[in-house]
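Below are the chains, spelled out letter by letter.
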Amino acid sequence: MRLSLRFILPLLLALGLVAYGVMPLVDRLMLRWFEHDVGVRAAVVANTMQEPLVGLVRTKSRRKVLAYFNNITQGERLFAIGYCNPTLGALIATKSYPEEIQCKEAERLADGPVKLLSRDQGPLHVSVRTLMDGDKRIGQVVLVHDMSFVQRRSEETRRYVFYFFVALGAVVSLITVIIAQLSWRGWVQGIRALLRGEGLVRPAGRISAPELQPITRDLRSLMKELGSDFRPRDESQLTWSPQSLRGILRSDLHGEDILVVSNREPYIHIRRADHIDVQRPASGLVTALEPIMRACSGTWIAHGSGSGDKESVDRHDRVKVPPRNPSYSIRRIWLSQEEEAGYYNGFANEGLWPLCHIAHVRPTFRAADWEQYVAVNRKFARAVMEEAGSKEPIVLVQDYHLALLPRMVREELPKATIISFWHIPWPNPEAFAICPWRAELLEGMLGSSIMGFHTQFHCNNFVDTVDRLLEARVDRETFTIYLGGKPTAVKRYPISIEWPSGPEAAPSSVAACRREVRERLGLPAGHALGVGVDRLDYTKGILERFMAVERLLELQPEWVGRFTFVQVAAPSRSGIGQYQEFEKQVLALADSINLRFSGEEYPPIILKIEHHEPEQVYEHYRAADLCFVSSLHDGMNLVAKEFIAMRDDEQGVLILSQFTGASRELPEALIVNPYDIDQCALALHVALTMPSGEQRDRMRSMRALVSEFNVYRWAGRMLLDGAAMRKRKRLAGSGRAAQRVAH
Ligand code: F6P
């Protein structure tokens, strides 16, 4: 069909051109040429006749003149002759002389332009010459030529032109068909081969064309760019929600369940005297991942650390959560005291935690801790194998406690899609290199299909570290690391929070929260209130925050007795000496500041070192005039984003450390250096005196960002990237299988 169209179309086009363009042109041209020829001939005839005719005219014999004319018109083309001379009387003309050219007309046409008279058989060419006898004009000779031959000739010519164009059309059609066939087949094969990275394809077999490799690369990266151009557009049309996440799992990951693996569990059962309580731990990781699991179902493998955890699981160590509306399972891993001490307190939190945070706390590495770390990672990996419903599970590995697990899982389940996320900063190569087990850790992480960090800066540090410390190929263009030929994509996924907020966040009105929180803290209505919410951790800058409050009261004494900072501090890692020490320092500093301003009725600092459930934390966010996040170093910091989410009244000011990942996304906050105490004190004053309109503008803009870049987007982006890698791997696999069959 396509073939015949390619043939007939040019042919029809050629014929159309002949009928409507070429033929009339041919007619016009022929007429013009022959008209010119006949004109020349008429001039020759007129010259030849001159002398004899003058002689005859002198005889004044009309008969002789007519006889002469009849004689001449015997010739084929001279159709008629006429002569006008008043001295000889009326027009003397041969029989066939046209009536239209009488003497008056002849006089007008004399020596001027020719005239064409149309006749059915073909036109007549009329030219008129003045007859001269010396200097004297003695009448006009009218020569009429028959031009019917022009019509005959042009018919003939038309026939030839028609045949010529039919032949030309056929040839052009044929050439079009042949070229189209050849080039289509060639291009398709060529492009396919290029995309496979094989260069040119010859019928006899594949040949490699190294000179084409750059073109292949360019073509691939072009396609990739087009793909990534399309993706953000596609994403911006998606409102990221639990539904869109479920959609991705259904469509892109074929309904596969996801397995989350982390040290910290999302719900902790606590044994009380006569009942079991359920607690939500203070953890950015849990804040982010819990809504994802509620949306996607699946299984969350985590350390069962609660005193009532063992009593709450079934015989497979599983428990359905959330307690009020179960939608996914926790699979609990039990650790002995030695394991917990070595793996969690020791290697993870005395070694890796200070190693990755620039908080000037020296990391401690012990061989015994390392051994426990390896053993516990293996324990978690075994649980992944047990919980995996297929040979290609999607495993989301969380954080620095489980750096070895990706490789352990990869060895058992080579087709698994392993997406690891590092929730804390990644240091520069020099800093990381002090870890005695640096290579083992990196190799463990590179068992992942994707290695995610909050910021591009952390991705860069990771890639630099691998480049410096391992024998791996690092492709900086695509940010992919190949270890033993196996790729790991290193990507930035800024973590976020649930938006809109989950079921437990149905807080009272801002006015009610302001009233109730102040009442509970023993503060009067209208008392200025700042809030800080953190685990009691030395990286959070709690001491620096208190110092800034003290400095504010020194510099701006009008706030003394009128401003209080409430610090909600969740007890954390209290088995570690550094944390015990830190708690003492925080308590001591709060006491000393309160003592200094003890003359006042209301203390500058209220420190609450106890567990708070999310609802209580949310209430504090809504009650406060400002929230102060002063981390010395932090991967992202979700407290900043939670505060914003809770301020639907568009009021309240966020003071944010420049050393958090969140500061990259939230420039409308008051960005501070927590080590610069004066600057922080000034920020507190600016926040407390900021006009409501400015608070609204800043808050509105930050809320818009967090609502769009919510945690569903964070997880969705990782899952989409994981799905794309999976597809590519499958395609590559089927390509190899096809090659094996071909050979
Ligand atoms: O967000 C960093 C992080 O270390 C998480 O990995 C962890 O869940 C959270 O802080 C709290 O720490 P922990 O689990 O040691 O109490």
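The structure presented is a predicted model; accordingly, all values stated were derived computationally and were not measured. Residue positions are given per chain, counted from 1 along the sequence in the order it is written. Side-chain atom pairs in this predicted model are given and counted only at pLDDT of 80 or more, local residue features only at pLDDT of at least 70, and totals for whole chains, interfaces and linings cover all residues. Working from all heavy atoms in the structure, the side-chain values ignore hydrogens and water.

Draft legend 1. Main features of the overall build of the chain. Helix numbering and strand numbering both begin at the N terminus, where a helix is a DSSP run of H or I of at least 4 residues and a strand a DSSP run of E of at least 2. Each helix and strand in the chain was counted, giving 23 helices and 25 strands. The proportion of buried residues among the 743 residues of the chain is 50%. Whether two residues are in contact is decided by their heavy atoms: any pair within 4.5 Å suffices. The contacts of the chain with a sequence gap of at least 6 include a subset with a gap of at least 24, amounting to 71%. Classification of residues uses two cut-offs on accessible area relative to the type maximum, computed with a 1.4 Å probe and protein chains only: under 20% is buried, over 50% is exposed, and between them is partly exposed.

Draft legend 2. Quick look at the state of the cysteines. Only a pair of cysteine sulfur atoms within 2.5 Å qualifies as a disulfide here. A complete count under the given rule lists one disulfide for this structure. Disulfide pairing is shown between Cys84 and Cys103; the S-S distance is 2.1 Å. Since a negative S-S torsion denotes a left-handed disulfide, the Cys84-Cys103 link at about -90 degrees is left-handed. Taken together, the positions of Cys84 in strand β1 (residues 78-84) and Cys103 in helix α3 (residues 103-109) put the pair 19 residues apart, joining distant regions of the chain. Accessibility expressed as a relative area gives 3% for Cys84, which makes it buried.

Draft legend 3. Up close: the pairing of strand β5 (residues 136-146). Counted residue by residue, β5 has eight buried out of 11 residues, so it is predominantly covered. Any two strands between which DSSP finds at least two bridges are classified as paired. Summarising the sheet, β1 and β5 pair through six bridges and their orientation is antiparallel. Note on β5: the bridge partner recorded for Ile81 is Leu143. Pairing of strand β4 (residues 124-133) with β5 involves nine bridges; the strand directions are antiparallel. Paired with Thr130 across the two strands is Gln140, which belongs to β5. Between the antiparallel neighbours β4 and β5 lie two residues, among them Gly134 with a positive phi of about 65 degrees.

Draft legend 4. Fine view of the site of the ligand. Residues are counted as near a molecule or strand when any one of their heavy atoms sits within 4 Å of it. What surrounds the ligand is the set Arg264, Ala282, Ser283, Leu285, Tyr344, Trp353, Asp399, Tyr400, His401, Ile424, Arg535 and Arg573. Measuring from an oxygen atom of the ligand, one finds a side-chain N or O atom of Arg264 at 2.9 Å. Counting of polar contacts relies on pairs of N or O atoms within 3.5 Å, with two restrictions inside protein: one atom must be capable of donating a hydrogen and the other of accepting it, and residues adjacent in sequence are counted only when both atoms are side-chain atoms. Between the ligand and Ser283, the relevant distance is 2.9 Å, taken from an oxygen atom to a side-chain nitrogen or oxygen of the residue. Computed with the Shrake-Rupley method and a 1.4 Å probe, the accessible areas treat only the protein chains shown as cover for residues. Protein burial of the ligand: of its 370 Å² of free accessible surface, 91% is covered by the chains. Looking at the shell around the ligand residue by residue, the classes come out as six nonpolar, two polar and four charged. By the convention adopted, Pro, Cys, Tyr, Trp, Phe, Met, Ile, Leu, Val and Ala count as nonpolar, Lys, Arg, Asp and Glu as charged, and the other residues, Gly among them, as polar.

Draft legend 5. Local environment of the side chain of Glu550. With respect to the secondary-structure elements, Glu550 resides in helix α16 (residues 542-555). If sequence neighbours within four positions are ignored, Glu550 has contacts with Ile593, Arg596 and Phe597.

Draft legend 6. Quick peek at the nonpolar core. In this structure, Trp422, Leu441, Phe462, Phe563 and Leu626 are the most contacted members of the largest nonpolar core, which totals 95 residues. In terms of residue count, helix α9 (residues 337-356) provides more of this core than any other element does, eight residues in total. Apart from the residues within four sequence positions on either side, Phe462 is in contact with Trp426, Leu442, Met445, Leu446, Met451, Phe453, Ile481 and Val490. For the purposes of this section, nonpolar cores are sets of buried Ala, Val, Leu, Ile, Met, Phe, Trp, Tyr and Cys residues that join through side-chain atoms within 4.5 Å. Core analysis: the second largest hydrophobic core is formed by 78 residues, Leu253, Leu289, Val319 and Cys627 among them.

Draft legend 7. Structural view of helix α7 (residues 284-296). Helix span, expected: 1.5 Å multiplied by one less than the number of residues in the helix. With 13 residues, α7 ought to run about 18 Å at 1.5 Å a step, and its terminal C-alpha atoms sit 19 Å apart, in line with that. Turning to α7, its buried residues number three or more, namely Leu285, Val286, Ala288, Leu289, Glu290, Pro291, Ile292, Met293, Ala295 and Cys296. The N-cap residue of α7 is Ser283: its side-chain oxygen and the backbone nitrogen of Leu285 are 3.2 Å apart. Within two residues after α7, Ser297 carries a phi angle of roughly 65 degrees, on the positive side.

Draft legend 8. Broad picture of a nonpolar patch on the surface. A cluster of nonpolar side chains, contributed by Leu25, Leu29 and Trp33, occupies part of the molecular surface with about 310 Å² of accessible area. Within the secondary structure, Leu29 is located in helix α1 (residues 2-59). Like-charged residues are merged into a patch within 9 Å and nonpolar side chains (Val, Leu, Ile, Met, Phe, Trp, Tyr) within 5 Å, provided each residue has over 30% relative accessible area and no salt bridge. Any carboxyl oxygen of Asp or Glu that lies within 4 Å of a side-chain nitrogen of Lys or Arg is treated as forming a salt bridge with it.

Draft legend 9. A look at the sheet that holds strand β22 (residues 605-609). On the basis of which strands lie adjacent, the open sheet formed by six strands has the order β22-β21-β20-β23-β24-β25 and parallel pairing. Strand pairing shows two members of the sheet lacking a second neighbour, β22 and β25 (670-672), which therefore form its edges. Neighbour-to-neighbour, the strand axes of the sheet open up by a mean angle of 20 degrees, direction not taken into account. Alignment of strand β20 (residues 528-535) against strand β23 (residues 626-629), held across two bridges, turns out to be parallel. Counterpart to Gly530 in the pairing with β23 is Leu626. Axis angles are defined between N-to-C directions and span 0 to 180 degrees, where every axis is a line fitted to C-alpha atoms and, for a helix, only to the segment in contact.

Draft legend 10. The arrangement of the sheet that holds β1 in detail. The five strands are arranged β2-β1-β5-β4-β3 in an open sheet whose pairing can be described as antiparallel. Edge positions in the open sheet fall to β2 (92-93) and β3 (115-117), since each of these has one partner strand only.

Draft legend 11. Examining the pattern of salt bridges more closely. The tally for this structure, following the rule as stated, stands at 44 salt bridges. Across the pair Arg108 and Glu105 runs a salt bridge whose closest N-O atoms are separated by 2.9 Å. Here Arg108 pairs with Glu105, and both are found in helix α3, just three residues apart, close to one helical turn. We classify Glu105 as buried; its relative accessible area is 17%. Close ionic contact of Arg596 with Glu550 constitutes a salt bridge, the shortest N to O distance being 2.9 Å. Of the two residues, Arg596 is situated in helix α17 (residues 577-596) and Glu550 in helix α16; the sequence distance between them amounts to 46 residues. Residues participating in the shared-partner salt-bridge network are Glu550, Arg551, Glu554, Arg596 and Asp678.

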